[in-house]
Amino acid sequence: AQRVTQPEKLLSVFKGAPVELKCNYSYSGSPELFWYVQYSRQRLQLLLRHISRESIKGFTADLNKGETSFHLKKPFAQEEDSAMYYCALSPRGAGSYQLTFGKGTKLSVIP
Amino acid sequence: EAGVTQSPTHLIKTRGQQATLRCSPISGHTSVYWYQQALGLGLQFLLWYDEGEERNRGNFPPRFSGRQFPNYSSELNVNALELEDSALYLCASSLTGVATEAFFGQGTRLTVV
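Draft legend 1. Inspection of the state of the cysteines at higher detail. Taken as a whole and judged by the stated rule, the model has 2 disulfides over all chains. Sulfur-sulfur distance for the disulfide between Cys 23 of chain A and Cys 87 of chain A comes to 2.0 Å. Handedness here is read from the sign of the S-S torsion; for Cys 23 of chain A and Cys 87 of chain A, about -65 degrees, the answer is left-handed. Taken together, the positions of Cys 23 of chain A in the loop between strand E3 (19-21) and strand E4 (24-26) and Cys 87 of chain A in strand E9 (residues 83-91) put the pair 64 residues apart, joining distant regions of the chain. The same class applies to Cys 23 of chain A and to Cys 87 of chain A, which are both buried. In this model Cys 23 of chain B forms its disulfide with Cys 91 of chain B; the gap between the sulfur atoms is 1.8 Å. Measuring handedness by torsion sign, the sulfur bridge of Cys 23 of chain B and Cys 91 of chain B sits at about -60 degrees and is left-handed. Of this pair, Cys 23 of chain B sits in strand E3 (residues 19-24) while Cys 91 of chain B sits in strand E9 (residues 87-94); the two residues are 68 residues apart in sequence, bridging distant segments of the chain. For the pair Cys 23 of chain B and Cys 91 of chain B, a shared accessibility class is recorded, and that class is buried.

Shown next, in the form of C-alpha cells:
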C-alpha cells in the first residue's frame, strides 16, 4: 500500500524567505509524485509533477528515491503563496487511476 | 468551458439520514472520482467511476455508494449518516482513468448533526 506523509500541518515564513514543504512517501513500486495547491476559496489544482521537472510559480520539487522524499521548495516566498499544499502519489502505469494524498500543509507567508 | 460542478454547496443532515451529492464532469471527461476531505485526515479516495461502472473504491464502508449516469455525471450516496461523515466531499473528473490529470470541483460541505 502507498502512503504519503506531510509532517508539518502549518508552516509560517516571512515574505522573501525560502520555503520548503516536506513530503515523504512509501510505495513498493515506481511512483509518480505530485504537488497540489488549494488557495483560499478556490479549487484544488495541480501545481507540479515530478516527471515534468518543471518550475511553476517559482516552485520546484525533486524526487529523491533514496530518501523517498519529494519536498517542495521556493527560494523566496510571496504572500500569494499562502495556501494549502498537498503532496500526492500515484502508481506509475497500471492502476494510475488513483491518487493518494498527504494530509496537507498550510503555508502562511507573513508580510 | 465549464469546470467540474458539484451540488449542493452545503448540505446539513441528521444522523441516520441519507445524503445525495451530485457531480457534473467537464465535457468529454468519462471518469469521475470522489474524495472525502475530513478535518485532520486530508483527502481520502472514495470511489472511481468510468463509463458508468464503478472501477475502484477506497477503504470506506458499503454505506458509501454511488453511480454514474450515461451523461457521465455522478451521484454519491451516503446512507445511515454518522457524525464523522461530516466533511468536504470533492469530485474530480478526467479522461478515462487518468486520475493525475483530474480537475476538481469546489466540493460539497456535508454536516451531520
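So, next bit.
Draft legend 2. Focus on the environment of Pro 61 of chain B. Residue and element names in this part refer to chain B. Positionally, Pro 61 belongs in the loop between strand E6 (53-57) and strand E7 (64-68). The partly exposed category is assigned to Pro 61, whose relative accessible area is 36%. Considered as a pair, Pro 61 and Val 78 are 17 residues apart in the sequence and their alpha carbons are 9.7 Å apart.

Draft legend 3. Up close: the sheet that holds E3 of chain A. Residues and elements named next belong to chain A. The 3 strands lie next to each other as E3-E8-E7, forming an open sheet whose pairing is antiparallel. Both edges of this open sheet fall to E3 and strand E7 (60-61), since each of them pairs with a single strand only. Judged from the 3 bridges that link them, E3 and strand E8 (residues 72-74) form a sheet pairing that is antiparallel. Counted as the bridge partner of Leu 21 is Leu 72 from E8.

Draft legend 4. Broad picture of the packing of aromatic side chains. Considering all chains together, one arrives at 10 aromatic pairs over all chains under this definition. For the ring pair Phe 101 of chain A and Phe 104 of chain B, a centre distance of 6.3 Å and an interplane angle of 75 degrees mean the geometry is edge-to-face. Residue Phe 101 of chain A is located in strand E10 (residues 100-101), and its partner Phe 104 of chain B is located in strand E10 (residues 103-104); the two belong to separate chains. Residue class for Phe 101 of chain A comes out buried when judged on its relative accessible area of 7%. On the accessibility criterion, Phe 104 of chain B (4% relative accessible area) is buried. The structure contains a cluster of three or more aromatic residues connected by ring pairs, namely Tyr 36, Tyr 86 and Phe 101 of chain A together with Tyr 35, Phe 45 and Phe 104 of chain B.

Draft legend 5. The interface of chain A and chain B, seen in detail. Across the contact, 18 residues belong to chain A and 20 residues belong to chain B. Together, the buried faces of chain A and chain B total about 1700 Å²; carbon and sulfur atoms form 51% of this surface. Inspection of the chain A/chain B interface yields 0 salt bridges. Across the contact surface, chain A and chain B share 3 residue pairs in polar contact (both at pLDDT 80 or more). Secondary-structure elements contributing two or more residues to the side of chain A that touches chain B are strand E5 (31-38), strand E6 (45-49) and E9 of chain A. Taken together, the residues that form the side of chain A that touches chain B break down as 8 nonpolar, 6 polar and 4 charged.

Cut-off values and rules
Residues numbered from 1 in each chain as written. Chains lettered and ligands numbered in written order. Predicted model: local features only at pLDDT ≥ 70, side-chain atom pairs only at ≥ 80, totals over all residues. Heavy atoms only, no water. Disulfide = S-S within 2.5 Å. Helix = DSSP H or I, 4+ residues; strand = E, 2+ residues; numbered from the N terminus. Buried < 20%, exposed > 50% of the residue type's maximum accessible area, 1.4 Å probe, protein only. Pairing = 2+ DSSP bridges. Phe/Tyr/Trp six-rings, centres within 6.5 Å; stacked < 30°, edge-to-face > 60°. Contact = heavy atoms within 4.5 Å. Buried area = accessible area lost by both parts, 1.4 Å probe. Salt bridge = Lys/Arg side-chain N within 4 Å of Asp/Glu carboxyl O. Polar contact = N/O pair within 3.5 Å; in protein donor to acceptor, adjacent residues only side chain to side chain. Nonpolar A, V, L, I, M, F, W, Y, C, P; charged D, E, K, R; others polar.

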